[in-house]
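Descriptive structure summary
In case you want the letters, here they are:
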Amino acid sequence: MTVLIVLIIIFGVFAMWLMGTYNNLVKFRNFKDEAWSGIDVQLKRRFDLVPNLVTTVKGYAAHEQETFDNITRARSAVTQAGPDEAKRIAAENEFASTLRTLFAVAENYPELKANVNFLDLQQQLSKIEDEIQLARRYYNGTARNLNNAVQRFPNVIIANFFGFKPAAYFETAEAEKPAPEVKF
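Residues numbered from 1 in each chain as written. Predicted model: local features only at pLDDT ≥ 70, side-chain atom pairs only at ≥ 80, totals over all residues. Heavy atoms only, no water.

Observations concerning the environment of leucine 18
Relative to the elements of secondary structure, leucine 18 occurs in helix 1 (residues 2–60). Among the residues examined, leucine 18 registers a relative accessible area of 28% and is labelled partly exposed. Remark: the alpha-carbon pair of leucine 18 and isoleucine 158, spanning 140 residues in sequence, is separated by 7.7 Å. (Helix = DSSP H or I, 4+ residues; strand = E, 2+ residues; numbered from the N terminus. Buried < 20%, exposed > 50% of the residue type's maximum accessible area, 1.4 Å probe, protein only.)

A look at the packing of aromatic side chains
For the structure shown, the criterion picks out 7 aromatic pairs. With centroids separated by 5.7 Å and ring planes inclined at 75°, the aromatic side chains of tyrosine 22 and phenylalanine 164 adopt a geometry described as edge-to-face. Separated by 142 residues along the polypeptide, tyrosine 22 in helix 1 and phenylalanine 164 in the segment after helix 6 (155–162) bring together distant segments of the chain. Here tyrosine 22 falls in the partly exposed class, since its relative accessible area comes to 30%. Members of the aromatic cluster, each reached through a chain of ring pairs, are Tyr22, Phe161, Phe162 and Phe164. The ring of phenylalanine 170 is capped by arginine 136, whose NZ or CZ atom sits 5.8 Å from the centre of that ring. (Phe/Tyr/Trp six-rings, centres within 6.5 Å; stacked < 30°, edge-to-face > 60°. Lys NZ or Arg CZ within 6 Å of the ring centre and 35° of its normal.)

A word on helix 2 (residues 65–81)
Within an α-helix, residues lying three or four positions from one another point in the same direction, as the helix has 3.6 residues per turn. The end-to-end C-alpha separation of helix 2 is 24 Å, in line with the 24 Å expected for 17 residues at 1.5 Å each. For helix 2, the complete set of buried residues consists of Thr67, Phe68, Ile71, Ala74, Val78 and Ala81. Around the axis of helix 2, the buried residues are gathered within 150° of arc, so they sit on the same side. Exposed residues on helix 2 whose side chains face more than 90 degrees from its buried face are Glu66, Thr72, Arg73, Thr79 and Gln80. (Expected span 1.5 Å × (residues − 1). Arc of directions from axis to C-beta.)

Brief notes about the nonpolar core
Ranked by internal contacts, the top residues of the largest apolar core, which has 44 residues, are Val57, Phe95, Leu102 and Tyr139. The set of elements that each furnish at least two residues to this core consists of helix 1, helix 2, helix 3 (85–106), helix 5 (116–151) and helix 6. Tallying contributions element by element places helix 1 first for this core, with 12 residues. Each residue touching valine 57, except ones within four places of it in the same chain, is listed here: Phe68, Leu102, Val105, Leu112 and Phe118. (Core = buried A, V, L, I, M, F, W, Y, C linked by side-chain atoms within 4.5 Å. Contact = heavy atoms within 4.5 Å.)

Regarding the confidence of the model for the protein chain
This prediction gives the protein chain a mean pLDDT of 84; 92% of its residues lie at or above 70. Mean pLDDT across the elements of the protein chain ranges from a minimum in helix 4 (residues 110–113), with 74, to a maximum in helix 6, with 92. (pLDDT = per-residue confidence, 0-100.)

Let's talk about unusual backbone geometry
That bond from phenylalanine 153 to proline 154 is cis: its omega, 5°, falls within 30 degrees of zero. Locating proline 154 in the fold gives a position in the loop between helix 5 and helix 6.

Structural notes on the side chain of asparagine 140
Inspection of the secondary structure puts asparagine 140 in helix 5. Overall, the relative accessible area of 19% leaves asparagine 140 in the buried class. Among the polar contacts listed, one links the side chain of asparagine 140 to the backbone nitrogen of phenylalanine 170, at a separation of 2.7 Å. Apart from residues lying up to four places away in sequence, asparagine 140 is in contact with Tyr169 and Phe170. (Polar contact = N/O pair within 3.5 Å; in protein donor to acceptor, adjacent residues only side chain to side chain.)

If you want it as structure tokens, here you go:
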């Protein structure tokens, strides 16, 4: 009889540990999904702002068609990436890179840089980029927490059994570039 009680207690402790581990994995995944939602909102704001920016620049720099085509392609790639976070991150990084070329083009047109509409759009985009950076930091923190929970032993057994996967970090392509060298 005492062996049966001990077995029931061991099984009960194991079941409680299993439920606790599973619930923690769900919690971390939900935090990560909520953080991705915050990034997605800011990326959508930037995505919606770009056509106005392109239209404004086109009026001044009509012969920069290649830049406009690249932005259109990058914008389409974001749409085609779908809900897959890793594909979306890659597409968003490419999109951000093409936006930088648009501003490089704008530098060649002093009358454009003085345009009130362009300056307002540029300021809005700068503010959105700051918001994206903050959202990306939060997302990467929640992705780290999920990855730690999913990859640690013995959680990894439960995570694999229930289909929990590590999250991709949202890193920018700028992080891969070396820092500029400053000489005096």
